[in-house]
Amino acid sequence: MAQDTAVPKLNFEYWLDKAIEWGQATTLESQKDVCLHLPQLQEFLHQLYEKLKDAGSVAAIQQFPLIGQLLGRLCWNPFVIGYDESQKTLMWCLCCLYSSEPQNPVELKANSWIRSLLCHLLSSSKWESNEAETSPFISTLGYTSADYYCHLVKNMVFSLVAELRENQFNGLNTQRSVSASRVNAVSIFCVPLITLPDLTPLLETLLLYHGGSPKEILCPEFLEAVSEAFLMKKISLPESAVFSLWLRHLPSLEKATLHLLDQLVSTQLNSLQEVARVVKESLLVRA
């Protein structure tokens, strides 16, 4: 008989009890128990993600009212997020719970909580604050903590980029297409992380991605954050991605134009060659 892909309620409660029992895995016994259960936990998280991505944030919370408690506890367990597959799946589950158009203060607060968890999972500084707990796990694998977390970020970005590009080439293969809401969720997820160097390939892929929806699928906050970071030279993007940004988000083109005019007026340029250089670097002429 084929295995039911639904997430049994009893299974959910079992993993919530486990997450409470483990805490932040500060004892040797809890660390051993986490490592022992990691494969089964990863299977459960995959099943949970499959349910969440089709349900939508409101329906997901109605079906699993304690899901915030479960994901929150797992995200703060260094031995759970030390396993890169679990870390990535937790991120995807969190993105599924994000409300693209929050309707009330509760959804706004939930969005803020989700973004803080995503920042925690990817922020090097916050990871480093947990280094005392994570270092035994990481050193066992032969990594320094900086190298290990760098690999996690790069692997996650590579995975997302590959999925989006594959979907772009699939064309009319709707069975394998990525939903507009999911692409939107990925763009929201990127907002607080725009200036991370390893995130640049994902920013480029999102800016060049065009799904079948007639409406803009990238969130405005993402487009504004990319525009601001690019103008302030905090990130570097290929010309094609910059042009796509301006086409998708006209306020970004307006800001780029005003920024160039401000540079020409306020900056002391000693020659026509310097003026030409500043204008060329702005990319506006080529656009």
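Since we're looking at a predicted model, the values are computed, not measured. Think of each chain on its own: its residues are numbered from 1, step by step along the sequence as written. Local features in this predicted model are restricted to residues whose pLDDT is 70 or higher, and side-chain atom pairs enter the listing and the counts only when it is 80 or higher, whereas totals over whole chains, interfaces and linings include all residues. Hydrogens and water are ignored here; the side-chain numbers use all heavy atoms of the structure.

Chemist: Any chance you could explain the overall build of the protein chain here in plain terms?
Modeler: Each helix and strand counted, the protein chain has 16 helices and zero strands in total. Counting all 287 residues of the protein chain, 43% fall into the buried class. Any two residues whose heavy atoms approach within 4.5 Å at even a single point are treated as in contact. Sequence separation of 24 or more characterises 68% of the internal contacts of the protein chain that already satisfy a separation of 6 or more. Each helix is a run of DSSP H or I of at least 4 residues and each strand a run of E of at least 2, with the numbering of both proceeding from the N terminus. Using a 1.4 Å probe on the protein chains alone, a residue whose accessible area is under 20% of its type maximum counts as buried, one over 50% counts as exposed, and one in between counts as partly exposed.

Chemist: I keep staring at helix H13 (residues 220-231) and nothing clicks. Help me out?
Modeler: Residue pairs spaced three or four apart in an α-helix point in one direction, given the helix's 3.6 residues per turn. Expected span, for any helix, means 1.5 Å times one less than how many residues it has. Over its twelve residues, H13 extends 17 Å from the first C-alpha to the last, a length consistent with the 16 Å expected when each residue adds 1.5 Å. Taken residue by residue, H13 has Phe-222, Leu-223, Val-226, Ser-227, Ala-229, Phe-230 and Leu-231 as its buried positions. Note on H13: the residue one or two positions beyond its end, Lys-233, has a positive phi of about 60 degrees.

Chemist: Just checking my understanding: could you explain unusual backbone geometry for this structure?
Modeler: Peptide bonds are mostly trans, and most non-glycine residues show a negative phi. Not every positive phi belongs to a glycine, and Lys-233 is a case in point at roughly 60 degrees. Along the chain, Lys-233 falls in the loop between H13 and helix H14 (239-248).

Chemist: Is there a simple way to think about the state of the cysteines in this case?
Modeler: The bond known as a disulfide is covalent and runs between the sulfur atoms of two cysteines. What counts as a disulfide here is a pair of cysteine sulfur atoms lying within 2.5 Å. Applying the stated criterion across every chain, the model contains zero disulfides. The thiol of Cys-75 is unpaired, and the distance to the nearest cysteine sulfur, on Cys-93, comes to 8.9 Å.

Chemist: Got a minute to help me understand the environment of Glu-85 in this structure?
Modeler: With respect to the helices and strands, Glu-85 occurs in helix H6 (residues 84-97). In this structure Glu-85 comes out as partly exposed when scored by relative accessible area, which is 31%. For Glu-85 and Leu-38, which are 47 residues apart along the polypeptide, the C-alpha to C-alpha distance reads 9.8 Å.

Chemist: Where do I start with the side chain of Lys-88 in this structure?
Modeler: The residue Lys-88 is located in helix H6 in this model. Note on Lys-88: relative accessible area 15%, which makes it buried. Setting aside chain neighbours within four positions, we find Lys-88 in contact with Asn-155 and Met-156.

Chemist: Help me understand the packing of helix H12 (residues 200-208) against H14, please; the structure alone is not making it clear to me.
Modeler: Each pair of packed helices can be summarised by the angle the axes make with each other and by the distance between the axes. Geometry is summarised by axes, namely lines fitted to C-alpha atoms with helices restricted to the contacting stretch, and by angles between N-to-C directions that run from 0 to 180 degrees. Viewed as axis vectors pointing N to C, H12 and H14 meet at an angle of 45 degrees, and their least axial separation amounts to 8 Å. Here H12 lies oblique to H14, going by the angle between them. The two elements H12 and H14 cross, and the hand of that crossing is left-handed. Here Glu-204, Leu-206, Leu-207 and Leu-208 of H12 come into contact with H14, specifically with Ser-240, Ala-241, Ser-244, Leu-245 and Arg-248. Only Asp, Glu, Lys and Arg are considered charged in this grouping, and only Ala, Val, Leu, Ile, Met, Phe, Trp, Tyr, Cys and Pro are considered nonpolar; every other residue, Gly among them, is considered polar. Class assignment of the residues belonging to the contact of H12 with H14 gives a composition of five nonpolar, two polar and two charged. Just so you know how the angles are binned, under 35 degrees is roughly parallel, over 145 roughly antiparallel, 65 to 115 roughly perpendicular, and the rest oblique. Should the near helix be turned anticlockwise from the far one by less than a right angle, the crossing is termed left-handed; should it be turned clockwise, right-handed.

Chemist: Explanation requested: the pattern of salt bridges in the structure shown.
Modeler: Working definition: two side chains of opposite charge can pair if their charged atoms are close together. Salt bridges, as used here, are contacts in which a Lys or Arg side-chain nitrogen is within 4 Å of a carboxyl oxygen on Asp or Glu. A full pass over the atoms with the stated rule returns three salt bridges. The residue Glu-216 makes a salt bridge to Arg-248 at a minimum N-O spacing of 2.8 Å. Highlighted residues: Glu-216 in the loop between H12 and H13 and Arg-248 in helix H14, separated in sequence by 32 residues. Taken together, the salt bridges that share partners define one network made up of Lys-18, Glu-21 and Asp-33.

Chemist: What is the right way to read the nonpolar core from this model?
Modeler: Grouped burial of nonpolar side chains is what soluble globular proteins tend to show. Buried Ala, Val, Leu, Ile, Met, Phe, Trp, Tyr and Cys residues form a nonpolar core when they are joined through side-chain atoms within 4.5 Å. Counting residues in each nonpolar core, the largest one holds 76 residues, and the members touching the most others are Phe-189, Leu-202 and Phe-222. The split into domains, and so the bounds of each, comes from an automatic or database assignment of domains. The two domains that each donate at least three residues to this core are domain 1 (12-124) and domain 2 (143-166 + 176-249). Discounting residues that sit within four places of it in the chain, Phe-222 has contacts with Ser-187, Cys-190, Val-191, Ile-194, Leu-203, Leu-206 and Leu-207.

Chemist: Can you help me understand the packing of H12 against H13 in this one?
Modeler: At a closest axis distance of 12 Å, the pairing of H12 and H13 adopts a crossing angle of 125 degrees. Relative to H13, H12 is oriented oblique. Note that H12 runs across H13; the crossing there is left-handed. Residues Leu-203, Leu-206 and Leu-207 of H12 touch H13, and the partners they reach there are Phe-222, Leu-223 and Val-226. Along the lines of polarity and charge, the residues of the contact of H12 with H13 split into six nonpolar, no polar and no charged.

Chemist: Teacher, can you tell me more about the packing of aromatic side chains here?
Modeler: For any two aromatic rings, the description comes down to two numbers: the centre-to-centre distance and the angle of the planes. Side-chain rings of Phe, Tyr and Trp (the six-membered ring for Trp) are treated as a pair once their centres are within 6.5 Å; stacked means planes under 30 degrees apart, edge-to-face means over 60, and tilted covers the remaining angles. On inspection of all chains with the given rule, the structure shows seven aromatic pairs. Geometrically, the ring pair formed by Tyr-14 and Trp-15 is edge-to-face, given 5.0 Å between the ring centres and 80 degrees between the ring planes. A residue is classified by how much of its surface remains accessible, and Trp-15, at 4% relative accessible area, is buried. Taken together, the ring pairs in this structure connect Phe-12, Tyr-14, Trp-15, Trp-22, Phe-44 and Phe-64 into an aromatic cluster. For a Lys NZ or an Arg CZ to count as sitting over a ring, it must be within 6 Å of the ring centre and within 35 degrees of the ring normal. Taking the ring centre of Trp-92 as reference, the NZ or CZ of Arg-182 above it sits at 4.2 Å.

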